[in-house]
Amino acid sequence: PAQIALIAFEQAVVATNEGQRAVQTVQKKYLPQKEHIDSLSADVSALQKQLQEAPKTLSDEDRADRLKTIDAKQKELTRDADDAQTSYNADLQEAYGKVATKVKTVMDKYVAQHGYTIALDVGNQQSSVMWALPTTDITEAVVEAYNKESGVPPPTPEAPTASHPA
C-alpha cells in the first residue's frame, strides 16, 4: 500500500533555524532603507497637512509650489519604496532558495527512511488535498531533522522589525 506524506514545504524552509536566520539577515540589511522610506512618508504627510492648514490667503503660486513639492516627494517615496521592495523580495527569494535546496535533501532522506511512497506539498493555496490524517503531515518532523543535521542554532530573538521595507 502507498504511504503518503504531506508537507508544507515553504513553511518548513522558513521554520528551520537557518531559514529564520536568513530572513533576519535580509530584514537587517533593509532596515536603513525602511527607515528612509518611513522618513519620506512622514515628510509627505507633514507637507500635505501643512498645505491643508495653510491660510485661505495663500497665493495660487505658493499653493502650486507646495503641491509641486508634495508631488515630487510622493514620486520619490513611491520609487524608493518600489525599488526597495523589489530588491528585498529578490534577496529574500535568493536566501529562501539556498535553504530550500538543503531542506529538500533532508526531506527526501526523511521520506525514504520512513517508507513513504509519495510526499505532497500542501502549503500552497492550490493544494488539492482536502483532508488527511494529522499523522501524515511531516512538516515539523522535517524541520526538526533539518535543524539537527544542519547544526545551525536557533536565531537570537530580537526586537520586532517590519516584515518588509515598504
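Note that this is a predicted model, so its numbers are computed, not measured.

(A) Just helix α4 (residues 139-150), in detail. Between its first and last C-alpha atoms α4 spans 16 Å; for 12 residues at 1.5 Å apiece the expected length is 16 Å, and the two agree. For α4, the full list of buried residues reads T139, V142, V143, Y146 and N147. Along α4, the residues classed as buried sweep out an arc of 135° about the axis, all on the same side. For α4, the exposed residues set more than 90 degrees away from the buried face come down to E140 and K148. Contact partners of the buried residues in α4: β1 (4-7), α1 (9-15), α2 (17-52) and α3 (60-113). G151 occupies a position one or two residues after α4 and carries a positive phi of about 75°.

(B) Layout of a nonpolar patch on the surface. A cluster of nonpolar residues, I4, I118 and L120, forms a patch on the protein surface that exposes about 220 Å² of accessible area. A relative accessible area of 40% means that I4 is categorised as partly exposed.

The rules behind the values
- Residues numbered from 1 in each chain as written.
- Predicted model: local features only at pLDDT ≥ 70, side-chain atom pairs only at ≥ 80, totals over all residues.
- Heavy atoms only, no water.
- Helix = DSSP H or I, 4+ residues; strand = E, 2+ residues; numbered from the N terminus.
- Expected span 1.5 Å × (residues − 1).
- Buried < 20%, exposed > 50% of the residue type's maximum accessible area, 1.4 Å probe, protein only.
- Arc of directions from axis to C-beta.
- Contact = heavy atoms within 4.5 Å.
- Patch = residues over 30% accessible without salt bridge, like charges linked within 9 Å, V, L, I, M, F, W, Y side chains within 5 Å.
- Areas by Shrake-Rupley, 256 points an atom, 1.4 Å probe, with all protein chains shown as cover.
- Salt bridge = Lys/Arg side-chain N within 4 Å of Asp/Glu carboxyl O.

From the geometry alone we can't say anything about function, so treat these as descriptive.
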